[in-house]
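Here's the letter readout for the chains.
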Amino acid sequence: MKLGLRYIVLPKLEVGTSWQFLKKEYNFDAAYSLFFPELFLRTQALIQFFGVRHTQDLAWDYNFLYQLNFQSEPIAGVFLPAIDGAYDGLNKRAGIGTGLDIVLMPNLDLLGEYYPVIGKRDTLQETGNVVNYIQGAIKVTVGGHQFMFMVGNFYDIGMRRLMAGAPSNRIYYGFNIFRLFSF
């Protein structure tokens with residue numbers, strides 16, 4: 001379970017924080033977005049400071065995640081492909097993630113994500129039997145809320161963890177709830 005908060009400080013500039021309960025991890029981040037409609041491209045650069053507590057010795061490690069996100073403008077008003085790249089300063093590894101958002105109706109989307117494991121395969125997992133992470137979801141938007149019902153081969157959250165892969169192809173179910181507040 002993860003609880004997070006994002007705030008748009010200025011147009012295109014946002015800050016956020018979150019706490020992941022099970023893995024004992026927190027983060028603070030800042031992101032800046034640029035849009036290039038003539039190139040059909042949306043971009044975002046994000047830097048995240050995080051701390052993670054190890055279950056073995058209860059010690060905390062701190063470092064940064066550097067992330068670049070690219071998403072197209074809607075293709076035919078329906079398809080929004082995305083690719084994200086990141087570097088995890090703690091584990092000294094780079095990773096990528098890909099995604100696709102298919103707008104079925106104004107308040108109903110079908111989502112997919114795929115994170116191939118690059119380089120060593122056992123960075124964040126307890127076992128070396130790591131496979132690429134994959135997930136599918138349905139997103140329903142109702143009155144300022146977004147409900148996402150997901151199925152994937154791992155239950156972890158966040159690009160830093162997902163780019164490390166999943167321990168197996170066992171299937172997990174989950175959900176996310178997002179709420180937009182505007183003042």
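As the structure is a computational prediction, the values presented were derived from the model and not from experiment.

What counts, and at which threshold
- Residues numbered from 1 in each chain as written.
- Predicted model: local features only at pLDDT ≥ 70, side-chain atom pairs only at ≥ 80, totals over all residues.
- Heavy atoms only, no water.
- Phe/Tyr/Trp six-rings, centres within 6.5 Å; stacked < 30°, edge-to-face > 60°.
- Helix = DSSP H or I, 4+ residues; strand = E, 2+ residues; numbered from the N terminus.
- Buried < 20%, exposed > 50% of the residue type's maximum accessible area, 1.4 Å probe, protein only.
- Salt bridge = Lys/Arg side-chain N within 4 Å of Asp/Glu carboxyl O.
- Lys, Arg positive; Asp, Glu negative; His and termini not counted.
- Core = buried A, V, L, I, M, F, W, Y, C linked by side-chain atoms within 4.5 Å.
- Contact = heavy atoms within 4.5 Å.
- Pairing = 2+ DSSP bridges.
- Axes fitted to C-alpha atoms, helices over the stretch in contact; angles between N-to-C directions.

Focus on the packing of aromatic side chains
Taken as a whole, this structure holds 13 aromatic pairs when the rule is applied. Relative to Trp-60, the ring of Tyr-26 lies with its centre 5.6 Å away and its plane at 45°, an arrangement referred to as tilted. Within this pair, whereas Tyr-26 is found in strand 3 (residues 25–36), its partner Trp-60 is found in strand 5 (residues 60–72), the two being separated by 34 residues in sequence. For Trp-60, a relative accessible area of 28% gives the class partly exposed. With centroids separated by 5.4 Å and ring planes inclined at 65°, the aromatic side chains of Phe-49 and Phe-64 adopt a geometry described as edge-to-face. Placement of Phe-49 in strand 4 (residues 41–53) and of Phe-64 in strand 5 is noted, with a sequence separation of 15 residues between them.

Quick look at the pattern of salt bridges
A full pass over the atoms with the stated rule returns 10 salt bridges. Between Glu-73 and Arg-42 there is a salt bridge, and its shortest N-O distance comes to 3.5 Å. With Glu-73 in the loop between strand 5 and strand 6 (79–88) and Arg-42 in strand 4, this residue pair connects regions lying 31 residues apart in the sequence. Residue Glu-73 is classed as buried on the basis of its relative accessible area of 19%. On the basis of relative accessibility, which here comes to 26%, the residue Arg-42 falls in the partly exposed class. Put simply, Asp-101 and Lys-139 hold a salt bridge, and the shortest N to O gap is 4.0 Å. A residue pair is termed long-range when its members are at least 10 positions apart, and Asp-101 in strand 7 (residues 93–105) and Lys-139 in strand 9 (residues 133–142) qualify at 38 residues. Taking relative accessible area as the criterion, Asp-101 reaches 13% and is therefore assigned buried.

Quick word on the side chain of Asp-84
Residue position: Asp-84 is located in strand 6. Although Asp-84 is buried, it makes no salt bridge; Arg-42 carries the closest opposite charge, 12 Å away.

Structural notes on the nonpolar core
If you look at the biggest cluster of nonpolar residues, it comprises 11 residues: Phe-50, Leu-65, Ala-86, Tyr-115, Tyr-133, Phe-154, Met-159, Leu-162, Met-163, Ala-166 and Tyr-172. Residues in contact with Tyr-172, not counting those within four places in the same chain, are Met-150, Val-151, Gly-152, Asn-153, Phe-154 and Tyr-155.

Digging into the sheet that holds strand 1 (residues 2–10)
Strands in a sheet are paired, the pairing made by backbone hydrogen bonds, and the direction either parallel or antiparallel. Strand order in the open sheet formed by 11 strands is 1-2-3-4-5-6-7-8-9-10-11, with antiparallel pairing between adjacent strands. Looking at strand neighbours, the two that pair on one side only are strand 1 and strand 11 (172–179), the edges of this open sheet. Neighbouring strand axes in the sheet, compared pairwise and without regard to direction, differ in orientation by 20° on average. The pairing of strand 1 with strand 2 (residues 13–20) spans 8 bridges and is classified as antiparallel. Paired with Gly-4 across the two strands is Ser-18, which belongs to strand 2.

Keep in mind these numbers describe shape, not what the thing actually does.
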